[in-house]
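Here are the chains, one letter per residue:
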Amino acid sequence: TNSLESFLSRRRPKFPEAPLARPVQDPRGRLHGMSRAAARQAVREQYKFFTATEDEAFSVFGRAEVKGINRIRQITDTSCLVAFLAMVAVMLWLDSQALFFGNVLRLSEPMDFKGNLCGFDPDVKEFKLGYYPNPYNDMIICVKACPKTSADGNFSLPDGPMGKDFVRSAYPTAKIYGQLCLPIDLHLAKNLIATKSIQTEVYKALAQVFHARGVVFLILLVPLVTSCIYIIGLLYMPTAACSMAFATTAVVLGLVAMLMDLDYDVLKGIPLYHETHPLMLFVQPYCRDLCIIGAVVFLAFLMLSMSAMGRAHRVFQECLSAILNKNVLVTVFASLGISMIRIWFIIHVCQSASLLMSIINPVDVRLELFGELHYVERVAWSPLFLKGILFYAFGTFWILEFMSFCNKYITAQILCHTYFSLRALNVRGEELRHGQQSPLLYALSSLFRYHLGSVAFAALLAFPCRLARFFMSIFVPDRPNLQNSLNQQYRIAYWLFWPLIQLDLHVLRFFKDSVWVMLPLKGYKYMDAARRVEGLLNRCRGKIPNLTKFTSRIDAFLNVSVGLTTFFWTFFLFREPRHGRYHEVEHLYAGEAVKGLFITPEHSPLLALPLAFAFGIWVGQGMLHLVGMASEALTICYCIDVEMAGGTETDALYVPASLKDCYKDLGGGESERELSELIAHDASGL
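About the criteria used
- Residues numbered from 1 in each chain as written.
- Predicted model: local features only at pLDDT ≥ 70, side-chain atom pairs only at ≥ 80, totals over all residues.
- Heavy atoms only, no water.
- Helix = DSSP H or I, 4+ residues; strand = E, 2+ residues; numbered from the N terminus.
- Buried < 20%, exposed > 50% of the residue type's maximum accessible area, 1.4 Å probe, protein only.
- Contact = heavy atoms within 4.5 Å.
- Areas by Shrake-Rupley, 256 points an atom, 1.4 Å probe, with all protein chains shown as cover.
- Pairing = 2+ DSSP bridges.
- Axes fitted to C-alpha atoms, helices over the stretch in contact; angles between N-to-C directions.
- Disulfide = S-S within 2.5 Å.
- Expected span 1.5 Å × (residues − 1).
- Bend = angle between axes of the 7 residues up to and from the residue.
- Salt bridge = Lys/Arg side-chain N within 4 Å of Asp/Glu carboxyl O.
- Parallel < 35°, antiparallel > 145°, perpendicular 65-115°, else oblique.
- Left-handed = near helix turned anticlockwise from the far one by under 90°.
- Nonpolar A, V, L, I, M, F, W, Y, C, P; charged D, E, K, R; others polar.
- Core = buried A, V, L, I, M, F, W, Y, C linked by side-chain atoms within 4.5 Å.
- Phe/Tyr/Trp six-rings, centres within 6.5 Å; stacked < 30°, edge-to-face > 60°.
- Lys, Arg positive; Asp, Glu negative; His and termini not counted.
- Polar contact = N/O pair within 3.5 Å; in protein donor to acceptor, adjacent residues only side chain to side chain.

A. Summary view of the overall build of the protein chain. Within the protein chain, the secondary structure is distributed over 24 helices and eight strands. Counting every position in the protein chain, which comprises 686 residues, the buried fraction comes to 54%. Taking as baseline every contact in the protein chain between residues at least 6 positions apart, the subset at least 24 positions apart corresponds to 74%. Total accessible area computed for the protein chain in this model is approximately 31200 Å², and 63% of it derives from carbon and sulfur atoms.

Spelled out as structure tokens, the structure:
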């Protein structure tokens, strides 16, 4: 492969010099060099394949702008920070309500129709069992022992005419399921115990997992440890580490799919299991199929990406070497600290969510009594706190994303500062520090003093925008100016998907990790930083290889692989029988969970697996983001370095020797191929 310098000198256009982009007018009205219109047209022609707007084409970094690097200018995106703090305040209020009104025992122990928890609340302290006086409705009263004959007493319920109390004699029952006294008649027992609300089954399934803090902590440690191992593996053996990750993920997904089928055969044979877990049994085939599809996808990606892994080998090593540099190594410890805070927050969220789900309110239920419709006072899960749980889930997403982007900002700030080794200045031009002293302290101070609003803004919108852009890329080519293309298919696509293209042009394309390199460098507001970095990368496409092109797909699959570790361990550790005693939530300790791996299952945590997977993704990103941010930061810093030097890579001022050698190894081949493909596509289809 030809070196980058020889390739540039023979094949590729130069970056525009400052006089080209901004001609100077002399006192007699003439322009030095060329007319302004000709200069602008030359720049347009140079970047016509990549830049979407003129602002992107002309926002070139000049030599003088090096003095503006690390200059903090303003507090950014304050309105979004205010909204974020308001959301945190509401979540704190929900936490207080959960502690005051919640009781997780309500999700596993019987309650009477007045809302008293049998054997727990003062009025029914001695009555630990639940009994149905009327076997044709689900109203419960608390009793000391299960009635065996009609001589065991009379019981009253407010289900008589006009909603008045109606007295009934006892009937034969037995303690068949939990703390409930059910009729001997199996048909009546099934009707009584049947789960009549999806909400109730989901609440109970999630609470069984969320309330086991020790096991949840053990599960969340798995992606953290795994991501640390992969970071080391990517430094020394990138191809082997990626191959091992994808192969083991595929194998374990296949194993989980097989065990789901085996568990299904066991669980459906347990008496009353169909009636108490209808939703779980319904989703089991879909979960199994998704696991099989996931295993096939990982195996296919492993086989198809072997050549890409070979090309990315040098890039991974350069990125990890930059992270493990003695001046940047502090980012590893900062990421570990933020990951532990993230794990603590997830455990806290699980506890609070299980308490919120257990809050009940009195309600009037419309019942048909003796052929007439009446309203009877009952208790049910609080509809207010159902909305509160949904808001709490939204707030949890926002806060976890907020932590992720704070982590990315700190990593990018330290990497960029190490690359340029410049002195930070305040708005008055005074030095805040010298050289590379305490880069972590500087990153934290600049983040908390100026840019929390931008972090909150990106945390709210980045994921939905990226998801929308992913689906949009299926239909629309990823290149600007489709309407001006010579390719007729591109022009048709432009007018056919015009609303989506405009949405992408003005919003979606700006929510990338590259923004977190420009924002700490220049101190802009989020959207200003996004436009500037998008213009920089678009101008450099076809000239300077973007390191993320080599690492992004492999890094994305690595993140999914690490996130699936929580999926696997949640499935394995929560599928064995519960060992809870009366008035103890049916949960496990870590030692019991490990021993239970070898016990025939009586429970399946399928409904909690999607949330476990999402939590694993967030925890794994705490370390794996280092790879992506290193590739983003090195690429953008090098592009800025080249533009400030006048547009030739050989004149770059700050580039480290190892990064320079990495670009020499790449030889510009990837960028040359990208440029030639775009030119060919633009000229085809005439």
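Structure shown, so let's carry the discussion forward.
B. Broad picture of the sheet that holds strand S1 (residues 129-131). With mixed pairing, the four strands of this open sheet are ordered in space as S2-S1-S6-S5. At either end of the open sheet lies a strand with only one pairing partner, and these are strand S2 (141-143) and strand S5 (173-177). Here the strands of the sheet are splayed against their neighbours by 50° on average, with no regard to which way each runs. As defined by bridge partners, S1 adjoins strand S6 (residues 180-183) across two bridges and the pair is classed as parallel. Counterpart to Tyr131 in the pairing with S6 is Cys181. Across the sheet, helix H6 (residues 186-193) touches S5 and S6, and the angle it forms with S6 is around 135°.

C. Broad picture of the state of the cysteines. Overall, the coordinates contain two disulfides when judged by the stated rule. Covalently, Cys118 is tied to Cys142 through a disulfide, its sulfur atoms 2.0 Å apart. As the torsion about the S-S bond is roughly -80°, the Cys118-Cys142 disulfide counts as left-handed. With a gap of 24 residues between them, Cys118 in the loop between helix H5 (78-101) and S1 and Cys142 in strand S2 connect regions that are remote in the sequence. Between the sulfur of Cys146 and that of Cys181 lies a disulfide, 2.0 Å long from S to S. Where Cys146 bonds to Cys181 through sulfur, the torsion about that S-S bond is close to -80°, and the disulfide is left-handed. Highlighted residues: Cys146 in the loop between S2 and strand S3 (154-157) and Cys181 in strand S6, separated in sequence by 35 residues. A relative accessible area of 0% places Cys181 in the buried class. Between Cys287, a free cysteine, and Cys291, which holds the nearest cysteine sulfur, the sulfur-to-sulfur gap is 6.8 Å. Note on Cys319: no disulfide assigned, nearest cysteine sulfur contributed by Cys662 at a separation of 7.4 Å.

D. Representation of helix H11 (residues 278-304). Here H11 contains 27 residues, and its C-alpha end-to-end distance of 40 Å stays within 8% of the 39 Å for a straight helix at 1.5 Å per residue. Bending of H11 peaks at approximately 35° at the position of Gln284, with proline Pro285 no more than four residues after it. Taken together, the buried positions of H11 are occupied by Leu279, Met280, Leu281, Val283, Gln284, Cys287, Cys291, Gly294, Ala295, Phe298, Phe301 and Leu302. Elements in contact with the buried residues of H11: helix H7 (198-210), helix H9 (238-267), helix H10 (273-276), helix H12 (306-323) and helix H20 (548-573).

E. How the structure looks around the pattern of salt bridges. All chains considered together, the criterion is met by ten salt bridges. The closest approach of N and O atoms between Arg288 and Asp289, which form a salt bridge, is 3.2 Å. The exposure class assigned to Asp289 is partly exposed, which follows from its relative accessible area of 34%. The residue Lys512 makes a salt bridge to Glu534 at a minimum N-O spacing of 3.2 Å.

F. Spatial organisation of unusual backbone geometry. The backbone of Asp77 sits at a positive phi, close to 50°, despite the residue not being glycine. Within the secondary structure layout, Asp77 lies in the loop between helix H4 (54-58) and H5.

G. Structural detail: the environment of Pro362. Structurally, Pro362 can be placed in strand S7 (residues 360-369). Overall, Pro362 belongs to the exposed group, its relative accessible area being 58%.

H. Layout of the packing of helix H8 (residues 213-236) against H20. Interhelical geometry of H8 versus H20 gives an angle of 150° and a closest axis separation of 9 Å. Between H8 and H20, the interaxial angle falls into the category roughly antiparallel. Between H8 and H20 lies a crossing of right-handed hand. Contact residues: H8 offers Val215, Leu218, Ile219, Leu220, Val222, Pro223, Thr226, Ser227, Tyr230 and Leu234, while H20 offers Leu558, Ser561, Val562, Thr565, Thr566, Trp569, Thr570 and Leu573.

I. Quick look at the pairing of S5. In this structure, S5 lies alongside S6, joined through four bridges in antiparallel fashion. Bridge pairing in S6 links Tyr177 to Leu180. Taking the residues between adjacent antiparallel strands as the criterion, S5 and S6 are bridged by two residues, where Gly178 takes a positive phi near 60°.

J. Here's a closer look at the packing of H9 against H11. Where H9 meets H11, the closest approach of the two axes is 8 Å, and the angle between their N-to-C directions is 160°. Looking at the two axes, H9 sits roughly antiparallel to H11. Considering how the two elements wind past one another, H9 and H11 form a crossing that is left-handed. Its residues assigned to classes, the contact of H9 with H11 shows 19 nonpolar, five polar and two charged.

K. Representation of the nonpolar core within the structure. The biggest cluster of nonpolar side chains holds 168 residues, and the ones touching the most others in it are Phe246, Met260, Trp516, Tyr526, Tyr638 and Ile640. Not counting chain neighbours up to four residues away, the residues in contact with Met260 comprise Gln284, Cys287, Arg288, Cys291, Phe567, Phe571, Leu606 and Leu609. With 20 residues, the next largest nonpolar core counts Leu129, Met139, Ile140 and Leu192 among its residues.

L. The packing of aromatic side chains, seen in detail. All chains considered together, the criterion is met by 26 aromatic pairs. Between the aromatic rings of Phe84 and Trp398, the centroid separation amounts to 5.3 Å while the plane-to-plane angle is 75°, which identifies the pairing as edge-to-face. With Phe84 in helix H5 and Trp398 in helix H14 (residues 383-420), this residue pair connects regions lying 314 residues apart in the sequence. Look at Trp398 and you get buried, because its relative accessible area is 4%.

M. Quick peek at helix H19 (residues 526-540). Helix length check: H19 (15 residues) gives 21 Å between terminal C-alpha atoms against 21 Å at 1.5 Å per residue, within 8%. H19 sits mainly inside the fold: 13 of its 15 residues count as buried. Backbone geometry just downstream of H19 places Gly542 in the positive-phi region, at approximately 85°.

N. How the structure looks around the side chain of Arg106. Counting through the fold element by element, Arg106 comes out in the loop between H5 and S1. Asp121 is the oppositely charged side chain nearest to the buried, salt-bridge-free Arg106, at an N-O distance of 5.8 Å. A distance of 3.0 Å separates a polar side-chain atom of Arg106 from the backbone oxygen of Ser358. Residues contacting Arg106, with those up to four places away along its chain left out, are Phe101, Met111, Leu117, Ser358, Ile359, Ile360 and Trp381.

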